[in-house]
Amino acid sequence: KAGRMADSLDFDLYIVGGFPRDLVLGQVNHDLDLVVEGDGIEFARELSKELGGHLDIYHEFGTAVVSLEDLKLDIATTRVEYYPQVASLPEVEHGSIQQDLFRRDFTINALAIQLNQASFGQLVDYFSGKKDLEKGLIRLLHNFSLYDDPTRIFRGFRFASRYDYNFEENTEDLFKHAIELDVIEKLSSDRLFNKLELGLKDRNPVRFISLLDEYNILSYFSPGIEWNHETEILENNVTKVLDWLHDLEIVTSFEEWVLYLIVLVHGLNETEIKDFANKFNINKNLFDRLMTSLKADKYIRILHDAEDNSAIYYLLQGLAIEDMLFLLIKDFSLEEEIKLYLEKLQWTDIEVSGEEIIALGYSPGPIFREVLDEVRKAKLNGEVETYEEEKEYLEQ
Ligand code: CTP
């Protein structure tokens, strides 16, 4: 329908960006970025009249979004961009589809698929993107690309790690030069952290980090971060621990990428963690996780020495799920203890009510807490199981 609509307006219509790239790779991508050689906003208006849905127009960018029930279409006019300064906002002018593709980051992202009826489905590939996809190469489209937009350095690492690709030789040199010239310094700390987060959320965070190391970028995050053999082993353990957790089938909610981050910064000392958290505006919860990791070795020792279930309970009860998983990342031999806590111990409840305890002659106050703790311990250690046994225990 969109193709027919474009035909009636005499516009050329293409789908661009991640969708054609992943289609060539035989992978699914739900991002639908359309570009129109003509007037993108007019096309979006007509399309939303025809298809219904909700239309948002962003005049300042010359783009529009048509939101249908289960589909979102981003629509733009083909354009050329000029970057007056490094990492500044581009000045934009209308351009041909070829110019629109050329302003992009890598050849593999500069493919288009035509949607007009006469040539529906035809791959538009001015820069041999398909060949690079087949060869597994990340290749920049032009020499200034990384100066125009230094975040492309991180995109490069993301695609290289996601698809297990390499950098084409000249591209590798361009990356090295731009990094030596400190273009990353131009990015705000919010953007910098966001690029790290995207990499850690992508398909191969361990290779992403090792590329950051190889290109000397880790120090922009903290001068104390070291990528060594031990950290690499721990990063690889993250996946193993996540698989282990999925197999447990317990309900937890946390962000998996945070584990890769905890491991990445786990060698920092307290001051370095605080500096890192300040620089990147790290929220309180994440900051607490990073700080807890400082005590991991101590907790691991306590868990190994735990003589009964209540000792396990009282240690782990104060920790977040990410903290516990970090202990496992460091020492997987604790899996039984942590599994026991997650599946069972954490749900240990005392069934006898407060009133019943008072009726048994215990007065409210500090004694009351102690009594409850005693019952809980007995219950955790299996000395007491049922409601009746709790009562008997209290009566003694
Ligand atoms: N693009 C670019 N430079 C950037 C960001 C985006 O040239 N800094 C171009 C690329 O052509 C990219 C397209 O805009 O394919 C869409 O960008 P985006 O949706 O951010 O990325 P995808 O390539 O779709 O990647 P992902 O699969 O990670 O969503």
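Residues numbered from 1 in each chain as written. Predicted model: local features only at pLDDT ≥ 70, side-chain atom pairs only at ≥ 80, totals over all residues.

- Under an unreviewed UniProt entry, the name given to the protein chain is tRNA nucleotidyltransferase (CCA-adding enzyme), and the source organism is Halanaerobacter jeridensis.

## Section: the overall build of the protein chain
- Looking only at helices and strands, one finds 21 helices and eleven strands in the protein chain.
- Scaling as 2.2 N^0.38, a compact globule of 396 residues should have a C-alpha radius of gyration of about 21 Å, whereas the protein chain reaches 28 Å, well beyond that.
- Each of the three principal axes of the protein chain carries a C-alpha extent, and together these read 90 × 50 × 35 Å.
- Considering only intrachain contacts with a sequence separation of at least 6, the fraction spanning at least 24 residues in the protein chain is 63%. (Helix = DSSP H or I, 4+ residues; strand = E, 2+ residues; numbered from the N terminus. Rg over C-alpha atoms; globule rule 2.2 N^0.38 Å. Contact = placed C-beta atoms within 7 Å.)

## What about the sheet that holds strand E4 (residues 63-68)?
- Taken in spatial order, the seven strands make up an open sheet running E3-E4-E5-E2-E1-E8-E9, and their pairing is mixed. Unpaired on one side and paired on the other, strand E3 (54-58) and strand E9 (123-124) mark the two borders of the sheet.
- As paired elements, E3 and E4 share five bridges and run antiparallel to each other. Directly across from Asp 56, in E4, lies its bridge partner Val 65.
- Contacting strand E2 (32-37), E3, E4 and strand E5 (71-77), helix H3 (residues 40-51) crosses the sheet at an angle of about 15 degrees to E4. (Pairing = 2+ DSSP bridges. Axes fitted to C-alpha atoms, helices over the stretch in contact; angles between N-to-C directions.)

## Remarks on the nonpolar core
- By size, the foremost hydrophobic cluster in this structure holds 85 residues, and its most contacted members are Ile 75, Leu 259, Val 265 and Ile 329.
- It is helix H12 (residues 257-265) that contributes the most residues to this core, eight residues altogether.
- With residues up to four places along the chain from it excluded, the contact list for Ile 75 reads Leu 34, Val 36, Gly 40, Phe 43, Ala 44, Thr 63, Ala 64 and Val 66. (Core = buried A, V, L, I, M, F, W, Y, C linked by C-beta atoms within 7 Å. Buried ≥ 20, exposed ≤ 12 C-beta atoms within 10 Å, placed from the backbone.)

## Quick look at the pairing of strand E1 (residues 12-16)
- In terms of burial, E1 is largely enclosed, as four of its five residues are buried.
- Here E1 pairs with E2 via five bridges, running antiparallel. Bridge assignment links Leu 13 to a residue of E2, and that residue is Val 36.
- In this sheet, strand E8 (residues 112-114) lies alongside E1 in antiparallel orientation, the contact comprising three bridges. Bridging across to E8, Val 16 finds its partner in Ala 112.

## Topic: the environment of Leu 319
- With respect to the element layout, Leu 319 can be found in the loop between helix H16 (309-316) and helix H17 (321-330).
- Between the alpha carbons of Leu 319 and Ile 329 there is a distance of 15 Å; along the sequence they are ten residues apart.
- The contacts of Leu 319, once residues within four sequence positions are left out, are Thr 292 and Met 324.

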